[in-house]
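Chain by chain, the residues:
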Amino acid sequence: PYRAFFGTIVRGEGYIHLVYMLAFLMAVSLVFERKQWLQFFKLSLIAGAMVSADAIWSYIETGERAEGIFLRNPTFISAYLLFVIFSVLVVLVYENRRSWRRFSYAVLSISLIGLAVSSTRSAMLGLLAALLVTGFYLAMKAGGVRVKLLDRQISVRGLAAGLLIFIVLFGTVFALTPDGSLWERVPGLDRFAELRAQTQTIQSRLMAAKISLASVNPANVGFDRFLFGYGPENYNLAFNEYFDPTIQR
C-alpha cells in the first residue's frame, strides 16, 4: 500500500504522483490561455530539437541505439519525441508565421530521425498506429478540406489516402523481405527485421503477458484483483506470485 500510494524512489509513479499531475493540469488550464499553450509547445520544439540532435550524435559516435547525454535511455528518448511530434502538429495548426512553420518542419524531420536511431519498437509501432488511425479517419471525414503544406494547397483526403497506400505497400514489402540486407542498415527498421516468433525478446514478452493475465484471472484471484489490479508500482507482486520459471531460459 505504501508503494502504491507514494511510489518508489526510482520512478515515483504512485497514486499521489497521479493526483499531483491532475492538480497541475487543472491549475495550468485555469491560468493558461491559447497564447501561453502555444508558447509552451514552441518551447517543446526547441527542447525536442536539442534531444533529437543529441540522440543523432550519440548514434553517430557509437553506431548503437542512441542514449544521449540528456535522457540516457533510448526508450525515454523515443517516448519524449512522440510528444515533440505532437507539439510540431499543434504549432503548424495554430502558428502562421513562416519562420516558426519552417522550424517546425525541421524539428519534425530530426525528431523522426531521432526516433529511428533510438530504435524503440513500441514507440515506432505507436506512431505507426497513430498514422493509420488518423489517415483512415481523415480519408473518410476530411471531405474537400485543403491544407497549406510546403507553400502548396493540398487535399487532406488525398494526402491521407496517399499515406495509407504508402504504409500498406511499404509494410507488405517489409513483411515479404524481412531478411533483406537493406533493412539491417536502416536505423529503426533493423530492430524489426531481427524479430522472429521464436526470438528470446518475443518469447519473454509472451511469457510475461501470460503471467500478467494469470494474475488478474478471476478464477485465480477473484473479481477484486480483476477489477482493481494490484495498485501502481506493484506489478512485481503479481509477477512473482504467478512466475513462470521457463522465462529464465
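In the block above lies the structure referred to throughout.
Residues numbered from 1 in each chain as written. Predicted model: local features only at pLDDT ≥ 70, side-chain atom pairs only at ≥ 80, totals over all residues. Heavy atoms only, no water.

Describing the packing of aromatic side chains
- Following the criterion strictly, the structure yields 18 aromatic pairs and no others.
- Considering the side-chain rings of phenylalanine 5 and phenylalanine 6, the 4.8 Å spacing of their centres and the 80° angle between planes classify their relative orientation as edge-to-face.
- Accessibility expressed as a relative area gives 36% for phenylalanine 5, which makes it partly exposed.
- The class for phenylalanine 6 is partly exposed, based on a relative accessible area of 43%. (Phe/Tyr/Trp six-rings, centres within 6.5 Å; stacked < 30°, edge-to-face > 60°. Buried < 20%, exposed > 50% of the residue type's maximum accessible area, 1.4 Å probe, protein only.)

Things to note about the nonpolar core
- Counting 22 residues, the largest nonpolar core has Leu45, Leu81, Val107 and Leu115 as the members making the most contacts within it.
- Counting only elements with at least two residues in this core, the list comes to helix 3 (34-62), helix 4 (74-94), helix 5 (98-118) and helix 6 (121-141).
- Sort the elements by how many residues they give to this core and helix 4 lands first, with eight residues.
- In contact with leucine 81, not counting residues within four places along its chain, are Gly48, Val51, Ser52, Ser111, Gly114 and Leu115. (Core = buried A, V, L, I, M, F, W, Y, C linked by side-chain atoms within 4.5 Å. Helix = DSSP H or I, 4+ residues; strand = E, 2+ residues; numbered from the N terminus. Contact = heavy atoms within 4.5 Å.)

Topic: unusual backbone geometry
- Although it is not a glycine, glutamate 233 adopts a positive phi angle of roughly 70°.
- With respect to the helices, strands and loops of the structure, glutamate 233 is situated in the loop between helix 10 (218-228) and helix 11 (235-241).

A few points about the pattern of salt bridges
- What the rule picks out here adds up to two salt bridges.
- For the salt bridge of glutamate 95 with lysine 42, the shortest nitrogen-to-oxygen distance reads 2.6 Å. Of the two residues, glutamate 95 sits in the loop between helix 4 and helix 5 while lysine 42 sits in helix 3, which places them 53 residues apart along the sequence.
- Arginine 97 is the partner of glutamate 95 in a salt bridge, and the nearest nitrogen-oxygen pair spans 3.2 Å.
- Beyond isolated ion pairs, a larger network of salt bridges with shared partners links Lys42, Glu95 and Arg97. (Salt bridge = Lys/Arg side-chain N within 4 Å of Asp/Glu carboxyl O.)

Some remarks on the side chain of serine 58
- Mapped onto the secondary structure, serine 58 falls in helix 3.
- Contact partners of serine 58, with chain neighbours within four places excluded, come to Gly63, Ala66, Glu67 and Gly68.

Re the packing of helix 5 against helix 6
- At a minimum axis separation of 8 Å, helix 5 and helix 6 run at an interaxial angle of 135°. Compared by their axis directions, helix 5 and helix 6 come out oblique. Handedness of the helix 5/helix 6 crossing: left-handed. Between helix 5 and helix 6, the contacting residues are Leu112, Leu115 and Ala116 on the first element and Ala123, Met124 and Leu127 on the second.
- Here the contact of helix 5 with helix 6 is built from residues that sort into six nonpolar, no polar and no charged. (Axes fitted to C-alpha atoms, helices over the stretch in contact; angles between N-to-C directions. Parallel < 35°, antiparallel > 145°, perpendicular 65-115°, else oblique. Left-handed = near helix turned anticlockwise from the far one by under 90°. Nonpolar A, V, L, I, M, F, W, Y, C, P; charged D, E, K, R; others polar.)

Honestly, that's just the spatial picture; any functional story needs more than this.
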